[in-house]
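# Observations on the model geometry
Next come the chains, spelled out residue by residue.
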Amino acid sequence: MIVVRAEQPADVAGIDAVVRAAFGQPVEAELVAALRAAGRATLSLVALEDGAIVGHVLYSPVRISGAAADVPVLGLAPMAVRPDRQRAGIGTRLAEAGLAACAARGVAALVVLGHPEYYPRFGFIPASQFGLRCIYDAPDEAFMALELLPGALSGVAGVVHYAPEFDAV
């Protein structure tokens, strides 16, 4: 049985291990640690199976330059599932729990730079449809947005800037 809950201090080593294994390198795990240390880990969830951490998702604030209004938007990144537990619905559980938690916190919208085949199942569409561009060079179909509050991104066009910790990725 998979349980999704908020990160707790004792989870740090388990999260680090899952993220390193999922990405096959330390960069994303170092990003999670840097965001946490900078106080930019707005929402961090873990997926547990038999008490062991098998997945993790992190949300952090983004800024939209050139936007006519200041809208609370978070970036979903990274999301990781232990390689031996991938394709078992754990990522879906993490994403759904994260969307619900963000909506409950009053987050207006989310952005993600990720697999264009995966994130649309949660309602993400190309961010360009809202007039949003990513600060990083990314294919249009890979940079996506989701309004958690209907109309939240209406007229909010501009360039999305991630936290400075992302520049090392």
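Scoring rules and cut-offs
- Residues numbered from 1 in each chain as written.
- Predicted model: local features only at pLDDT ≥ 70, side-chain atom pairs only at ≥ 80, totals over all residues.
- Heavy atoms only, no water.
- Salt bridge = Lys/Arg side-chain N within 4 Å of Asp/Glu carboxyl O.
- Helix = DSSP H or I, 4+ residues; strand = E, 2+ residues; numbered from the N terminus.
- Buried < 20%, exposed > 50% of the residue type's maximum accessible area, 1.4 Å probe, protein only.
- Pairing = 2+ DSSP bridges.
- Contact = heavy atoms within 4.5 Å.

## A look at the pattern of salt bridges
- What the rule picks out here adds up to six salt bridges.
- For E165, the salt bridge is made with R40, and the minimal N-O distance between the two is 2.4 Å. With a gap of 125 residues between them, E165 in the segment after β10 (158–161) and R40 in the loop between α2 (27–37) and β2 (43–49) connect regions that are remote in the sequence.
- According to the relative accessible area criterion, R40 is partly exposed, its value standing at 28%.
- The closest approach of N and O atoms between D84 and R82, which form a salt bridge, is 2.6 Å.
- Judged by relative accessible area, D84 falls into the exposed class, the value being 53%.
- Look at R82 and you get partly exposed, because its relative accessible area is 27%.

## Comments concerning the pairing of strand β5 (residues 73–81)
- Along β5, nine of the nine residues are buried, which leaves the element largely enclosed by surrounding structure.
- Bridging between strand β3 (residues 52–61) and β5 involves six bridges; their strand directions are antiparallel. The residue of β5 that forms the bridge with G55 is V81.
- The pairing of β5 with strand β6 (residues 109–113) spans three bridges and is classified as parallel.

## Observations regarding the environment of F143
- By the element assignment, F143 lies in strand β9 (residues 143–147).
- A relative accessible area of 4% means that F143 is categorised as buried.
- With 28 residues separating them along the chain, F143 and H115 place their C-alpha atoms 8.6 Å apart.
- Those residues within four positions of F143 in sequence are excluded, and the remaining contacts are V111, V112, L113, I125, P126, A127, L132, R133, C134, V160 and Y162.

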